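So the chains spell out like this:
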Amino acid sequence: MRLTIRDIQKLQAAGEPIPMLTAYDATSAHLGEAAGVPMLLVGDSLGMVIQGHDSTLPVKLEHIIYHTQIVSRVTQRALIVADMPFMTYNASIEQALVSAGRLMQEGGAQAVKLEGGEYMGPTIKAIVQAGIPVMAHIGLTPQGVNQFGGFRVQGREIASARQLLRDADAVQEAGAFAVVLELVAAPLAQMITERLDIPTIGIGSGPHCDGQVQVFHDLLGLFPTFGPRHSRQYADAGAAMQTALAQYVEDVKARRFPTMEQAFTMKEEVLAAVQADGTGNHASS
Ligand code: KIV
């Protein structure tokens, strides 16, 4: 049975921290679920870690649908949240409803996530009223990187801290079932967590949120040259994979791989028959 948004809220009510992880393909989804992650995010961070862009802006709705289909196909228990890409919900409430509907119907998600606070209230409300659970995302919202002028910690000044409190109140009021707090100064994230009834899911927002979301590739060290300060590298999988692949290349070049251990044999008489005529043209059995 898949977990529901109620199960996630029950974890919060029981004071149990909620781990969330991005998943984009069968491998990451399977590994995340097997590790016990209750909520998987098909994040538009796939624009960077899968597609090789330097921001999330080029990601299209079709891409998230495609990856959500994969993640939902190979998982049984985790609640799957599909990210709404840049400009698939910003033009109008109608556009947002159509996009969210496609992520649920075609992708197989159980919830959608969208970026934006107070000004997104009416959009969140409309999507929730259509029966689609919404995870809000406030603080540093990467789709607005050009407006922010970079990836900066949010809420460090009086005006921006007050705006973040209004954003948090507004998304809860609009019906969001949870809210991601990205790069929010830790004391403010704590204040928001204590203020809201819905779970806060932090990333770069300190230890006081109800849950935590991290990017699969960051946790496993799949980009050895890049590790955001807010993450923790639990494995050096990128380096281990690089060493393994270099060994494979060496083994093929030195004819150490493959050996007959990785090969398949055939019946002696079949081989003898083919060898006898030499062409393969007369084989009748
Ligand atoms: O796309 C993503 O991975 C995200 C998380 C970082 C919250 O939005």
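Residues numbered from 1 in each chain as written. Predicted model: local features only at pLDDT ≥ 70, side-chain atom pairs only at ≥ 80, totals over all residues. Heavy atoms only, no water.

**Observations concerning the site of the ligand**
Okay, step 1: Taken together, the residues surrounding the ligand are Thr-22, Leu-41, Gly-43, Asp-44, Ser-45, Asp-83, Lys-113, His-137, Ile-203 and Val-213.
Okay, step 2: The contact in question runs from an oxygen atom of the ligand to an N or O atom on the side chain of Asp-44, over 3.0 Å.
Okay, step 3: A distance of 2.9 Å separates an oxygen atom of the ligand from a polar atom in the side chain of Lys-113.
Okay, step 4: For the ligand, the accessible surface in isolation is 260 Å², of which the surrounding protein chains cover 95%.
Okay, step 5: Its atoms largely coinciding with the cavity grid, the ligand occupies the largest pocket.
Okay, step 6: Along the lines of polarity and charge, the residues of the shell around the ligand split into 3 nonpolar, 4 polar and 3 charged. (Near = heavy atom within 4 Å. Polar contact = N/O pair within 3.5 Å; in protein donor to acceptor, adjacent residues only side chain to side chain. Areas by Shrake-Rupley, 256 points an atom, 1.4 Å probe, with all protein chains shown as cover. 1 Å grid on protein atoms, 1.4 Å probe; cavity = no way out; pocket = protein on both sides within 12 Å on 5 of 7 lines; lining within 4 Å. Sits in = over half its atoms within 2 Å of the grid points. Nonpolar A, V, L, I, M, F, W, Y, C, P; charged D, E, K, R; others polar.)

**Digging into the packing of aromatic side chains**
Centre-to-centre distance and the angle between the planes together describe a pair of aromatic rings.
Okay, step 1: Applying the stated criterion across every chain, the model contains 1 aromatic pair.
Okay, step 2: With centroids separated by 6.0 Å and ring planes inclined at 70 degrees, the aromatic side chains of Tyr-248 and Phe-257 adopt a geometry described as edge-to-face.
Okay, step 3: The exposure class assigned to Tyr-248 is partly exposed, which follows from its relative accessible area of 46%. (Phe/Tyr/Trp six-rings, centres within 6.5 Å; stacked < 30°, edge-to-face > 60°. Buried < 20%, exposed > 50% of the residue type's maximum accessible area, 1.4 Å probe, protein only.)

**Things to note about the pattern of salt bridges**
Working definition: two side chains of opposite charge can pair if their charged atoms are close together.
Okay, step 1: Summed over the entire model, instances satisfying the criterion amount to 7 salt bridges.
Okay, step 2: Close ionic contact of Glu-118 with Arg-166 constitutes a salt bridge, the shortest N to O distance being 3.7 Å. With a gap of 48 residues between them, Glu-118 in the loop between strand S4 (111-115) and helix H6 (121-129) and Arg-166 in helix H8 (residues 158-174) connect regions that are remote in the sequence.
Okay, step 3: Several salt bridges share partner residues, and in doing so they unite Glu-62, Arg-102 and Glu-106 into one network. (Salt bridge = Lys/Arg side-chain N within 4 Å of Asp/Glu carboxyl O. Helix = DSSP H or I, 4+ residues; strand = E, 2+ residues; numbered from the N terminus.)

**Quick word on the domain arrangement of the protein chain**
Okay, step 1: In terms of domains, the protein chain is made up of domain 1 (5-219) and domain 2 (240-277).
Okay, step 2: Each of domain 1 and domain 2 has a C-alpha centre, and these two points are 47 Å apart. (Domains from an automatic or database assignment.)

**A few points about the packing of H8 against helix H9 (residues 186-195)**
Okay, step 1: Running from N to C, H8 and H9 cross one another at 30 degrees; their axes reach a closest spacing of 10 Å. Relative to H9, H8 is oriented roughly parallel. In this structure, H8 meets H9 at a crossing whose hand is right-handed. Along its contact with H8, which presents Ala-161, Leu-164, Leu-165, Ala-168 and Asp-169, the element H9 presents Leu-188, Met-191, Ile-192 and Arg-195.
Okay, step 2: Of the residues that constitute the contact of H8 with H9, the class distribution is 7 nonpolar, no polar and 2 charged. (Axes fitted to C-alpha atoms, helices over the stretch in contact; angles between N-to-C directions. Parallel < 35°, antiparallel > 145°, perpendicular 65-115°, else oblique. Left-handed = near helix turned anticlockwise from the far one by under 90°. Contact = heavy atoms within 4.5 Å.)

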